[in-house]
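Residue strings, one per chain:
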Amino acid sequence: MRLVLTTQPHRCRYADFVQFQGLKTPPALKPNVLRIIPLGGLGDVGRNMSCYEINGELLLIDCGVLFPEDDHPGVDLLLPHLDYLDDDKLSRVTALLLTHGHEDHIGAVPFLLKRRPDIPVYGSKLTLALVEAKLKEHRIRNYDLRVVREGDTAEIGEEFDVEFVAVNHSIPDALAVYVKTDAGSILNTGDFKMDQLPIDGRITDLRAFARLGEEGVDVFMVDSTNAEVPGFVRSERDLAPAIEQTFDQATQKLIVATFASHVHRVQQAVDAAVRHGRKICYVGRSMVRNMAIARDLGYLKVPDDSLIELRDLDKYPDDKVAIICTGSQGESLSALARIAHGEHRDISVGEGDVVLMASSLIPGNENAVTRVINGLMSHGATVVHKGNALVHVSGHAAQGELLYAYNVVRPRAVMPIHGEYRHLTANSRIAVSTGVQPEDAIVVTDGGVVDLDDGRASVVGKVDASYILVEGTGVSELTPDALADRKILGEEGFISVSAAINPTSASIVSGPDIKAKGFAEDDRGYDEIRDRLVSELESAMRGGMSDQHKLQQVARRTIGRWVAQTYRRRPMIVPAIIVV
């Protein structure tokens, strides 16, 4: 069945107000009013985190990372706006609830717990096992992890009554979270879909959704990632024929690349490898770690005699091994990217080898993935990917599933989460098509402040929810100007100008010397501008200018105008004028 929504777009007053005109600082929070603030994940796909505050207590849901794109050169991770939690707010946090174990929902937990390690962290068994591994890597001790499962309830602090609900996603043990307060109730789906035949048999609990809807859901916070996709997401089991065919046709080396957290997809690859008499070798640090955790906890089933270590790979013929590795998104340092570029120390591909890329293409990674595919094929490998075979299905509900969710829950108001702005607005239109009033389809981006008062939700302001950047091992104080400089250096190049001057005699004592990096191959190309630069500097000094900074500005403007006129480029120009 293919479902296409034909409802007309509605004009959401909140969307226009928040996104385009901006909001002032929200008023002081009144007693018995619940304040909801998304600190990440609304406006981009990643760094998911939301904060809930009522009567002096705060509750957090998720704490993930966003991976940088081309406009964040040198940055390793982007965090939610943890700075919103100043020392006072941080001391009043009652708990952190985690919906599932993907990086965009748990990756920033260590950065939060470095500031206050005793925050109680609730999550499923697999989710907390993945978190614990991260905390150990960051050398964080004395943390408080509390395992819950679907159906569990918890009284958190004095203000929050919480229930956890099973949802199906592309990682086991995902949970939705129902939060009840004196101001009203919220149901947050986390990431979810409605696979009716999941690999692990664990489906989204629509019966619980319906029960909570009968009790009353004042704000339904719903995954928006696939809100533009018609119909229903296909079952993970539908991939079996394509995976089996790939294994059938592979007569030499076989590599399966997928997300390091996609236990279900790895299980499918493991099962196929066992059926075809191939040993299994995990490659990539996160893949090795996550699959070991999943196997130890019983989420991944692998025969004891089927696993081999990378160091033993050369002991087996190519047609007797299946390599399962990271790098399906073209990450430059991943195992698959290094294999594609001929840079992996232990693994290479050649004529007749097969690579199965069993994952979706995350927006923004298109060029990186294309480079990896081309690199693999240039070595003679056959590449099976989503573009030429059914080897991946999404972990996020499409329009048909979202309709079911809204019709089952029948919420008073909807606040779309997890997605770019277009996804959020598309999700709000779906909600309106099921009977939610347009003014109750609340579309806000990160930092939008929504107050829930006696069951009614409204937007009351906006706070800063900008990116926090991580470089190397620490949080960076990198400014937007510094990021802009890095981008200019990468795209336009660098020109340095040095000269020694004597303002008294209005003369150039030495230079000017002009050097370029990443702009012109031959520094002699700047000969024609040197005379003009000398003339401009001497003219300025004859006019009484002797300030070093002002003379450097003269040099910068002179070089900048010439480069723009001659080459139509805008490199970074760094003058060094020495007064002697």
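Relevant structure appears above.
This write-up is about the structure you can find in this document. (Residues numbered from 1 in each chain as written. Predicted model: local features only at pLDDT ≥ 70, side-chain atom pairs only at ≥ 80, totals over all residues. Heavy atoms only, no water.)

**Regarding the overall build of the chain**
- A tally of regular secondary structure across the chain gives 16 helices and 27 strands.
- Looking at the chain residue by residue over its 580 residues, the buried ones come to 54%.
- Long-range pairs, those at least 24 residues apart, make up 72% of the contacts in the chain with a sequence separation of at least 6.
- If you sum the accessible surface of the chain, you get close to 25700 Å²; carbon and sulfur atoms cover 47% of it. (Helix = DSSP H or I, 4+ residues; strand = E, 2+ residues; numbered from the N terminus. Buried < 20%, exposed > 50% of the residue type's maximum accessible area, 1.4 Å probe, protein only. Contact = heavy atoms within 4.5 Å. Areas by Shrake-Rupley, 256 points an atom, 1.4 Å probe, with all protein chains shown as cover.)

**Examining the sheet that holds strand β18 (residues 382–384)**
- Overall, parallel pairing links the five strands, which are arranged β15-β16-β14-β17-β18 in an open sheet. Each having just a single partner strand, β15 (279–283) and β18 make up the two edges of the open sheet. For this sheet, the mean angle separating the axes of adjacent strands, direction not counted, is 20°.
- Examined bridge by bridge, strand β17 (residues 354–357) and β18 share three bridges and lie parallel to one another. Following the sheet pairing, Val355 is matched in β18 by Val383.
- Here helix α9 (residues 285–296) sits on the sheet and contacts β15 and β16 (321–325); the angle it forms with β15, its principal contact strand, is near 120°. (Pairing = 2+ DSSP bridges. Axes fitted to C-alpha atoms, helices over the stretch in contact; angles between N-to-C directions.)

**What about the pattern of salt bridges?**
- Under the criterion given, the structure shown has 27 salt bridges.
- Between Glu236 and Arg265 there is a salt bridge, with the nearest N and O atoms lying 2.8 Å from each other. Of the two residues, Glu236 is situated in the loop between β13 (219–223) and α7 (240–249) and Arg265 in helix α8 (residues 263–275); the sequence distance between them amounts to 29 residues.
- Here the salt bridges share partners, and the residues they tie into one network are Asp44, Arg47 and Asp446. (Salt bridge = Lys/Arg side-chain N within 4 Å of Asp/Glu carboxyl O.)

**What about the pairing of strand β1 (residues 34–40)?**
- The element β1 is extensively covered by neighbouring structure, given that seven of its seven residues are classed as buried.
- Bridge count between β1 and strand β3 (residues 49–54): five bridges; the pairing is antiparallel. For Arg35, the partnering residue across the bridge sits in β3 and is Glu53.

**Here's the deal with the sheet that holds strand β7 (residues 120–123)**
- Strand order in this open sheet of eight strands is β8-β7-β6-β4-β3-β1-β21-β22, and the pairing throughout is mixed. A strand with exactly one partner marks an edge of an open sheet, and here the two such strands are β8 (144–147) and β22 (456–462). This sheet shows a mean twist of 25° between the axes of neighbouring strands, independent of strand direction.
- The pairing of β7 with β8 spans four bridges and is parallel. Pairing of Val121 across the sheet is with Leu145, part of β8.

**Details of a negative patch on the surface**
- On the surface, Glu155, Glu158, Asp161 and Asp182 cluster together into a patch of negative charge.
- Tracing the backbone through its elements, the reader meets Glu158 in the loop between β9 (153–156) and β10 (160–166).
- Judged by its relative accessible area of 70%, Glu158 falls in the exposed class. (Patch = residues over 30% accessible without salt bridge, like charges linked within 9 Å, V, L, I, M, F, W, Y side chains within 5 Å. Lys, Arg positive; Asp, Glu negative; His and termini not counted. Charge placed at Lys NZ, Arg CZ, Asp CG, Glu CD.)

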